[in-house]
Every structure is written in C-alpha cells, then in structure tokens.
Protein chains: 4
Amino acid sequence: MIKVTVWNEFCHEGVWKQPNVLEHYPDGIHKYLESFLKDEFEVTTVTLYEADGTLNENAGITRELLDNTDVMLWWGHCTHHMVPDEAVAMVADAVRRGMGIIFLHSAHHSKLFKTLMGTSCNLHWRESEDKEYLWVIDPSHPIAEGIPEHVTIPMEEMYGEPFGIPEPDKLVFIGSFSPGEVFRSGCCWRREYGKVFYFQPGHESHPTYHIPEIQKIIKNAINWAYSSYRVAELTCPNVEKPQD
Amino acid sequence: MIKVTVWNEFCHEGVWKQPNVLEHYPDGIHKYLESFLKDEFEVTTVTLYEADGTLNENAGITRELLDNTDVMLWWGHCTHHMVPDEAVAMVADAVRRGMGIIFLHSAHHSKLFKTLMGTSCNLHWRESEDKEYLWVIDPSHPIAEGIPEHVTIPMEEMYGEPFGIPEPDKLVFIGSFSPGEVFRSGCCWRREYGKVFYFQPGHESHPTYHIPEIQKIIKNAINWAYSSYRVAELTCPNVEKPQD
Amino acid sequence: MIKVTVWNEFCHEGVWKQPNVLEHYPDGIHKYLESFLKDEFEVTTVTLYEADGTLNENAGITRELLDNTDVMLWWGHCTHHMVPDEAVAMVADAVRRGMGIIFLHSAHHSKLFKTLMGTSCNLHWRESEDKEYLWVIDPSHPIAEGIPEHVTIPMEEMYGEPFGIPEPDKLVFIGSFSPGEVFRSGCCWRREYGKVFYFQPGHESHPTYHIPEIQKIIKNAINWAYSSYRVAELTCPNVEKPQD
Amino acid sequence: MIKVTVWNEFCHEGVWKQPNVLEHYPDGIHKYLESFLKDEFEVTTVTLYEADGTLNENAGITRELLDNTDVMLWWGHCTHHMVPDEAVAMVADAVRRGMGIIFLHSAHHSKLFKTLMGTSCNLHWRESEDKEYLWVIDPSHPIAEGIPEHVTIPMEEMYGEPFGIPEPDKLVFIGSFSPGEVFRSGCCWRREYGKVFYFQPGHESHPTYHIPEIQKIIKNAINWAYSSYRVAELTCPNVEKPQD
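Residues numbered from 1 in each chain as written. Chains lettered and ligands numbered in written order. Predicted model: local features only at pLDDT ≥ 70, side-chain atom pairs only at ≥ 80, totals over all residues. Heavy atoms only, no water.

Topic: the overall build of chain A
Part 1 of the reasoning: When helices and strands are tallied, chain A shows 7 helices and 11 strands.
Part 2 of the reasoning: Rg of the C-alpha trace for chain A: 18 Å, near the compact-globule value of 18 Å for 244 residues, within the 12% margin.
Part 3 of the reasoning: Principal-axis analysis of the C-alpha atoms places the extent of chain A at approximately 65 × 45 × 35 Å.
Part 4 of the reasoning: Within chain A, buried positions represent 67% of all 244 residues.
Part 5 of the reasoning: Summed over its atoms, the accessible surface of chain A is roughly 8200 Å², and 49% of this surface lies on carbon and sulfur atoms.
Part 6 of the reasoning: Side chains of chain A carry 20 positive and 36 negative charges; the gap between the two charge centres is 5 Å. (Helix = DSSP H or I, 4+ residues; strand = E, 2+ residues; numbered from the N terminus. Rg over C-alpha atoms; globule rule 2.2 N^0.38 Å. Buried < 20%, exposed > 50% of the residue type's maximum accessible area, 1.4 Å probe, protein only. Areas by Shrake-Rupley, 256 points an atom, 1.4 Å probe, with all protein chains shown as cover. Lys, Arg positive; Asp, Glu negative; His and termini not counted. Charge placed at Lys NZ, Arg CZ, Asp CG, Glu CD.)

Right, here's the structure in full:
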C-alpha cells in the first residue's frame, strides 16, 4: 500500500476557525483528504499548526516521517512563511531522492514549491464565485484516468495566467473560469528522482474536494507520483575510470 | 529581409466565392496576409487553386520556391486531400532542412502538419459566434512581444481540447471561448532544423486577421521561425573514427 | 499479462541466411526476443518475410493483430521500403490510439518511426568492432530499473549524433563508443495516446540481445510503454456548448 | 551592444595564486573571458574575492549591476558557500525577470544554479588528463552556430552522468571523455522570463577557454540568452474580471 502523508497548514479551519471553511472541512482539510484516501492508501496527516494555535516543531517534518512517505500532499495558503527553511530543505531533498509530491491549490506559493520549481510561481487571482471547467488535455495520462472531458466546479477562486513556472514536462489539465480566464491547472514535472504534480482546484471556502472527480484525480496523481526508486542520500562521487 | 511565402488553399474565397468570406478577404486570405506583412518581409503568395478553379501543379510547390523561402505560412481547410503527397514531402523536407513554418487555424488538419507532428491533430470544434480570449502564457516569448495580457477576438470558430498533438516544446497562447472551452492556441516545436508554430485564430468567415494584435503575433512568429541555418540535403553518413 | 507483438523484417537471418547473424539468432531475431520475453509477457511474432523469401501480406499487420497488441517491438534494417504504406498507417494509428511501441536499433530508419517522429531520423554510423558503454542518465526512470550505472556492450555498430529526431520527452540512456562518438540511445516520446521508446543497441551481427541488462531494459520498456487506455477510433467531433 | 557581466569566484588564480591556474589565466578567469568578449559585448567583471583575499560585499552583486546586465556569466568552484544567500536571491530574481545567465563548468554546484534548477545538480567527476570530445547534438541551434561536428578538448576534468538536473528544454552538446564517460555538456532552460545555459568545459587548470570554438560557443550563448524583455518586479496581482 502506498504510504501517503497529507501536510496541511491548518490555519483557516484550525487556528482561525473560519465558519465558511469549517462548513466544508470541520476536522481540517487534511482530515477530509484522508477520509477519501484511506481506503486505498496508508495515510498519515501532519499539520503546521495544531487547532489550539500551537506551532509544530519543524512544521511536523522529520526524517523518519519522510522515510515513511511515498507520496506527500501539501496544502498551505496564508502562513507559508512560517514553515522553517529546514523543513523545506528536508522535503525538497526527499523529493529529489525519489519521493512523490502533490501541491494543492494555494501551495503554488509555498516555499517548497518555489524551491523545487526555481521560479516565482506567481499567478493572477480573484476570490469570486466564478465557475470553473477543468478540461482534460490528455485523456490517456494516468492522472486523467476515468475523468470525463471536463469536470465542472461550481465555484472556485480564479487562478489565471501567466503562471510563473518552468514549462511542465506534461500538461494534463487546463482550467477555464466563467469570466474567461485560463490556467494550467494540472502540471507534471520531475525533480531529480521524484515526481511533482501541481493541481489548482481546492480553495478553502468552497467544497471542491467533495467532488468525486476531484477526489479521483488526487488518487490518480498519488499512484502516478509513486516510485519504488529512492536513494538514502544524493552524492557527487569522485570516480575511477570504467574498468570493463 | 526575411523571405516569406504565404500558401493558401483559396477555395472559400477563390473557387467558391463565398460572400461571408469575400466580405473580409476580397482578394483571398493570402493577399490579405501579404498586405500587412509586405512592409517588413519579402512576401510571395502561392495557392492550391486559382480563382477560376484551376488546380496548380504540385500545389504550387517547387524546389526553387522552397529554396527562396525562409518562413512559410500555411492556410488550408476543405481541400487538404487535394494537396499532392509529393508537395507535402517537399515542404516537410524543407522544414527539416531549416525552413520555418507557421500553420494557421484549420491547417491543423493539413497533411503537412500531421506529417510533421506524427499525430492525428484532431480537436473538438463548433462553428459559432463564440467570443475568444487569447491569453498570453509567456509574455517573455518573442512571439508574444508587444501583445497585451489577452487579445479579444469577437467571434471565432471554437477549437477545443484534447488537441491531438505531441507536447509542444513551448506553449505561448491558450485560447478560451465564451461557452468555456479551452485550446492550446499557440504552440512551438522544432522538427529537425526547422521551427514550427501552430496558431489557432483565423476562421475564414470572421475578420480575425484584421485585428492588429493578431497581425503582430504573426509577424513575431515569422521572426521567431526564421533561421539562418539551412542544409541542402539531409544525409545519413557512414563516417570514419574521429582522428584528433 | 501484457500482450507483446514482436515484428521483425527477417531478412539477414531469414531470407539471406547470413552466417554472422544466424550465429547469434539461428531462429530469427524475433524468436530470440520472444525467448526471453515469454515468461513475463504474452508474445506473438510477426515478420515481413518468411524464411523462404515469401513476403507476408501487408507486412503481417492486421487490425485484429493490433487490437490484440498492447506493446509492439519493431526490428527492421534493409527492407524498410518493402513495408506497405498501409501497414505503416495502421500501426501508427494504433500507437496514436494508445498502443505502446519500441523501436530497436536500425528501426530508426523505418517508415513507421519516421512517420511518428515527423523527421528524417538520420544519424552518423559505422560498422565496426567498437565497444559501447550505455550510460544511465536517469536511474529513477522505470526503463532503467535494476540497471547499473553503465552497461558494457563489447561490440556494436556505431550510431552517432546528430540524430534527426524531435527532442525526446525524456532521455534515459546515452551511448558512447570507444572511438569517442555519442548517441541518444534511449529516448521516450508520446504520440497522442501511445508511448514510444527508441533503443539503439541491437546490431544483427553482434549478440547484443544476449546481454542480460539489455534484456532487462527491453522488458522494462514494455512495462513502461503499456497503457490501459485505448480508443477504437480517433475522431474530430463537432460538439455542443457545455451544458453544465 | 549586449551588456555582459562576468562573475568569478577568483580563488584559484586570485587568492590562492595556484601556478597551474595562473599559467593559463594570469589575470583571472574573468579577465580572460572579458578579453575575448569585449569586442562584441559591453563587458563588466565582478569577483567574489579580490586578489588580496578581500571578500567583496554581497559577492559584488547590487541591484544597479543587475539592472545594467543583459547576460551574466558565472564561474565558481571551491567557495560557493561564501556567496551570500542575499546575492543568490537577487541574481535568481533578475533571471526570473528576464536576465540571461550562463553557468560555466563547476558553477553546476553554485547555490545560484541549484536555486534555479530546484535539484542537487550532482554529477560524477574525476580530475584527470582525459581528452574530451564535445559533440554538437543540434547544429541548427543558435549556440552551435559555426561549430564543427565536434570540438576536441585535449584535457578536461571528467564530468559524468547522472547529472542531477531537470530535463533540459533543449540539449545542444554532449561531451564524451576518453575513458568512455558522457555528459550533457550544453543544456538550455527557461526560468520564468530568463534564459539559462549550462556549459561544462572550463576546468581552471586547463586552457579550455583558449580554444577558439569554446570562445565562439560562449559568444553564441550570450546572444541566445539575451532578451529585450525585462520586468522591474514580479507580481502576483489580484485582478478584475475581463471587461471586453
């Protein structure tokens, strides 16, 4: 069974207890994600904050946790700056050594995503009640398995281009918002030995993760991001000439 | 001065004299393209058909023409099948040897584009009065130079995903249509030594090529596709061991 | 079990019965490939020629065969031109609809590979007794699973750059030959819904396919190229506006 | 005239005054690079250290310098860790805003290159007297303009795969070393609005930069990396709905 760790900032629903978020995710976004993943994957959840406002040490990131994670999900929004650089470095290193990672929605601006991309990861945005169509660009891609031509998201925060990312190795979804903006909503990269997927839907005040097709995409992405290849340490060896 | 050859099928406006096309392009799409390109480029036009219905030999393609073309523009729609395989092979070979080429609108289904892509180049479509927003994905790309965040096309034929192409080397524009569909509207590839750009806008019954930003994009694309590198023949040489 | 079809020209060993090829592949290259694949895959073999010189109809390609093939292996060298265009079109269409395909060695110049690539697929070459080192560029890639840092091939035909292909989506192996030439020896692409792998080693007069690591790479490539996604027909549908 | 800033660590030849480096670069690698660039470009040089061992403030990086640089060259080796994070952040930001950058040889392990790549940038290496052949993979690429099929470098430090980088957007050169190793020696990427080129040759104790073809490649790379597009600041704007 693939070992999944769901990391959540846990501010909107946890520390700040915003009613419009708790309405959809009463136990936290991480717990909701766990609820639909746990039948297929071995799920652990970690948060930056506890519900009582306690800040977890090193954002809850330990080497032991990383060694027991095949694929990590990352949801963050308002407190990216509170994640210690040490935690960012440790997770980025785990990705480079082969761990898969899926960045959800506003994690586009996490230090971790920017570290792995090498760019600003800026975008255009608008909090609104826009409808989003999520279009499948490549129906043969494993992340699109079982997904119809488009998924309708009744309300989502608008994320628009230009999105300040390196050209994806593979673009799987493009989102369009009812006023007309577009976004590269599902993007795949490799970073050394690890696979990275960015997935745009999932604003905290809308019940996007309740949509069955969105859940299916996240499950597909976990299966895609999993790799049996993992090295304990990245090295830069001084080598002898080939002898054969 | 870059030498540009505009190739046009010339059926809608030429042979069939459809009023809704002649309204926008009374002398043919090729002549209209020439009209806004000729100040900056040395332009030649070639057509599949003459206005009297005569079919030009080998679609007007000769080795001499190709040897005098830096960048070709290709517009075709209903009579792709009338272009001889020999003409397709000659132009594809010129691209591989270093000639640039820009496929306009319904040229996505030309034998030539499919030959260079290796795929079906299928898409979803609808003739309609949909409004299109053409979004710039990478404002730093030479083809987007001087173009605002989006270009508004009051009416265009809808082209939707999935678009059956190989992943572009670089995606420059995404179009969104008012009912919500999206399309990879500006895509760059290399095919051996030649550069290829596909550009979606330009339905024959709408005055899309009259829009200044669309004209600017086509000019930019010509400058981008131009290469000083051109070989007379592609070879597969039997070689000696390196001697130095 | 993945259904594999091995296609072989069968001239060197079959029709022409060249001793230096029969020495390594007495029953044909296809039969040798089948011998090490059949434990893990359901293998069918098809040839262009029979051993008595009979030319098989349509190169042995039927729609039924393609419908029962998940991944095809293609080995050809001297009689690429004898493969009917109809056979090429049928296999290329199957790849676009989701079938995986692996091109071996001199299949770089098959009409089929050139059709899928859109380029000349030319290279530099020399029949020699050069030693080749095949270097793993990405040890985390599924096709490199279980392969050491490099594989030593005691003698191989030299294939050198420039290789006239579109930039691979992913480069897995680079070969170097003892006189110093290099080659992109293991390249991955997608063509619409199908995956394509080109693998350089495998000259007919050397026992390259007898090397366990080469066998392992081919098995890995089959597993990588397999997709559960397959459409019966590629279409270009005229669609209604989204209704939801 | 393109404004080029050559940045050099200046330890081997400057602070440490190693005879085997001074032999080739008596005034420093930066001054030697300047000597063959200054006829075509407006060149500024900046160093981490002065020859007397003084460490320059913020590695000599100022906003004013960056605002007056079109393309930067970066050479570093043993004191990557002495470059302040602030300097790295400022240069990386300039690249993302449109400045071109060329990383030379051991700059593969600079904090700056790793920041832009998002990976370890590890490789295999051996200080030796190996001969290197630098092979042109794409002779039509602007960086290979005027370069023969291969360049012979009589002695170079061996750099071998796997090279821990994201898949290049375009691979221009592959190097092979006389014992048989290979390396992706010339790689292109975009990072947001800026172009990045990594170029492997240039070990401090060999006179590699004296080779005319190597000088030509560096000049070509500067011309390629130059962009007229530059933004003063990267932003993540909250936007209104499109009004047209």
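Structure shown, so let's carry the discussion forward.
Remarks on the sheet that holds strand β3 (residues 71–75) of chain B
Residues and elements named next belong to chain B.
Part 1 of the reasoning: If you trace the 9 strands from one edge of the open sheet to the other, you get β2-β1-β3-β4-β11-β10-β9-β6-β7, paired in mixed fashion. Of all strands in the sheet, those with a lone pairing partner are β2 (42–47) and β7 (150–153), marking the two edges. The sheet shows a mean angle of 15° between the axes of neighbouring strands, taken without regard to direction.
Part 2 of the reasoning: The sheet contact formed by strand β1 (residues 3–8) and β3 spans 5 bridges and is parallel. Residue pairing across strands places Asn8 opposite Trp75, the latter belonging to β3. (Pairing = 2+ DSSP bridges. Axes fitted to C-alpha atoms, helices over the stretch in contact; angles between N-to-C directions.)

Points about the pattern of salt bridges
Part 1 of the reasoning: Per the counting criterion, the structure on display carries 48 salt bridges over all chains.
Part 2 of the reasoning: Through salt bridges that share partners, Arg126, Asp130 and Glu181 of chain A together with Lys241 of chain D make up one connected network. (Salt bridge = Lys/Arg side-chain N within 4 Å of Asp/Glu carboxyl O.)

Notes on the relation of the copies chain A and chain D
Part 1 of the reasoning: If you rotate chain A by 180° and push it 0.0 Å along the axis, it lands on chain D with an RMSD of 0.0 Å. Overall, the copies show the geometry of a two-fold rotation axis. When C-alpha positions in chain A are compared against the rotation axis, the closest is assigned to Gly118 of chain A, at 2.7 Å.
Part 2 of the reasoning: Of the residues that chain A buries at the interface, 100% are likewise interface residues in chain D, meaning the two copies contact each other through the same surface. (Least-squares fit on C-alpha atoms with pLDDT ≥ 70 in both. Contact = heavy atoms within 4.5 Å.)

So, the sheet that holds strand β3 (residues 71–75) of chain C
All names here are of chain C.
Part 1 of the reasoning: Spatially, 9 strands are ordered β2-β1-β3-β4-β11-β10-β9-β6-β7 in an open sheet, and the strand pairing comes out mixed. Each end of this open sheet is capped by a strand with a single partner; those strands are β2 (42–47) and β7 (150–153). Each strand of the sheet is rotated relative to its neighbour by a mean of 15°, with strand direction disregarded.
Part 2 of the reasoning: As judged from the 6 bridges shared by strand β1 (residues 3–8) and β2, these two strands associate in the parallel manner. Its bridge partner lying in β2, Asn8 is registered against Thr47.
Part 3 of the reasoning: Relative to β2, helix α3 (residues 29–37) is tilted by about 175°, and along the sheet it contacts β1, β2, β3 and β4 (100–104).
Part 4 of the reasoning: Contacting β3, β4, β10 (182–191) and β11 (194–199), helix α5 (residues 85–96) runs over the sheet at an angle of about 115° to β11.

Quick word on the environment of Gly164 of chain C
Part 1 of the reasoning: Residue placement: Gly164 of chain C occurs in the loop between β8 (158–160) and β9 (170–177).
Part 2 of the reasoning: The residues touching Gly164 of chain C, leaving out its near neighbours within four places in the chain, are Glu192 of chain B together with Thr119, Ser120, Cys121 and Asn122 of chain C.

A few points about the interface of chain B and chain A
Part 1 of the reasoning: Taken together, the contact pairs 21 residues of chain B with 21 residues of chain A.
Part 2 of the reasoning: Between chain B and chain A, the buried area comes to about 1700 Å², and carbon and sulfur atoms account for 61% of it.
Part 3 of the reasoning: At the boundary of chain B and chain A, one finds 2 salt bridges.
Part 4 of the reasoning: With a shortest N-O distance of 3.3 Å, Lys170 of chain A and Glu167 of chain B are connected by a salt bridge.
Part 5 of the reasoning: Elements supplying a minimum of two residues to the side of chain B that touches chain A: β6 (132–136), β9 (170–177) and β10 (182–191) of chain B.
Part 6 of the reasoning: Counted by class, the side of chain B that touches chain A contains 10 nonpolar, 4 polar and 7 charged residues. (Buried area = accessible area lost by both parts, 1.4 Å probe. Nonpolar A, V, L, I, M, F, W, Y, C, P; charged D, E, K, R; others polar.)

A word on the packing of α3 of chain C against helix α7 (residues 212–225) of chain C
Residue and element names in this part refer to chain C.
Part 1 of the reasoning: Here α3 crosses α7 at 80°, and the two axes come no closer than 10 Å. One way to sum up the angle between α3 and α7 is to call them roughly perpendicular. Within the contact between the two elements, α3 uses Tyr32, Leu33, Phe36 and Leu37 and α7 uses Gln215, Ile218, Lys219 and Ile222.
Part 2 of the reasoning: The residue inventory of the contact of α3 with α7, partitioned by class, reads 6 nonpolar, 1 polar and 1 charged. (Parallel < 35°, antiparallel > 145°, perpendicular 65-115°, else oblique.)

Some thoughts on the interface of chain A and chain D
Part 1 of the reasoning: The interface is formed by 34 residues belonging to chain A together with 34 residues belonging to chain D.
Part 2 of the reasoning: Taken together, both faces of the contact between chain A and chain D bury some 2700 Å²; the carbon and sulfur share is 55%.
Part 3 of the reasoning: Put simply, chain A and chain D have 2 salt bridges between them.
Part 4 of the reasoning: A salt bridge links Lys241 of chain D to Asp130 of chain A, with the nearest nitrogen and oxygen atoms 3.4 Å apart.

Some words on the packing of aromatic side chains
All names here are of chain A.
Part 1 of the reasoning: Evaluated as defined, the whole model comprises 64 aromatic pairs over all chains.
Part 2 of the reasoning: Plain terms: the ring middles of Phe103 and Phe113 are 4.8 Å apart, the flat faces sit at 55° to each other, and that makes the pair tilted. Here the residue Phe103 occupies a position in strand β4 (residues 100–104), and Phe113 occupies one in helix α6 (residues 111–117), the gap between them amounting to 10 residues.
Part 3 of the reasoning: The buried category is assigned to Phe103, whose relative accessible area is 0%.
Part 4 of the reasoning: Feature note: the residues Phe103, Phe113, Tyr159, Phe163, Phe183, Trp189 and Tyr198 constitute an aromatic cluster, connected by ring pairs. (Phe/Tyr/Trp six-rings, centres within 6.5 Å; stacked < 30°, edge-to-face > 60°.)

Thoughts on the side chain of Arg190 of chain C
Part 1 of the reasoning: Within the fold, Arg190 of chain C resides in strand β10.
Part 2 of the reasoning: Engagement of the side chain of Arg190 of chain C in a polar contact is seen with the side chain of Asp138 of chain A, the distance being 3.3 Å. (Polar contact = N/O pair within 3.5 Å; in protein donor to acceptor, adjacent residues only side chain to side chain.)

Considering the relation of the copies chain B and chain A
Part 1 of the reasoning: With an RMSD of 0.0 Å, the operation that places chain B on chain A is a rotation of 180° combined with a shift of 0.0 Å along the axis.
Part 2 of the reasoning: A share of 100% of the interface residues of chain B reappears at the interface of chain A, consistent with the copies meeting face to face through the same patch.

Observations regarding helix α5 (residues 85–96) of chain A
All names here are of chain A.
Part 1 of the reasoning: Helix length check: α5 (12 residues) gives 16 Å between terminal C-alpha atoms against 16 Å at 1.5 Å per residue, within 8%.
Part 2 of the reasoning: Taken residue by residue, α5 has Ala87, Val88, Met90, Val91, Ala92, Ala94, Val95 and Arg96 as its buried positions.
Part 3 of the reasoning: Buried-residue contacts for α5 involve α4 (63–67), β3 (71–75), β4, α6, β10 (182–191) and β11 (194–199).
Part 4 of the reasoning: At the C-terminal side of α5, Gly98 shows a positive phi close to 130°. (Expected span 1.5 Å × (residues − 1).)

Description of the pairing of strand β6 (residues 132–136) of chain A
Residues and elements named next belong to chain A.
Part 1 of the reasoning: With 5 of 5 residues buried, β6 is to be regarded as a mostly interior element.
Part 2 of the reasoning: Side chains of β6 alternate between two faces, with Glu132, Leu134 and Val136 and Tyr133 and Trp135 buried alike.
Part 3 of the reasoning: Across 4 bridges, β6 lies against strand β7 (residues 150–153) in antiparallel orientation. Residue Trp135 lies in a different strand from β7, and its bridge partner there is His150.
Part 4 of the reasoning: Summarising the sheet, β6 and strand β9 (residues 170–177) pair through 5 bridges and their orientation is antiparallel. The partner of Val136 across the bridge, within β9, is Phe173.

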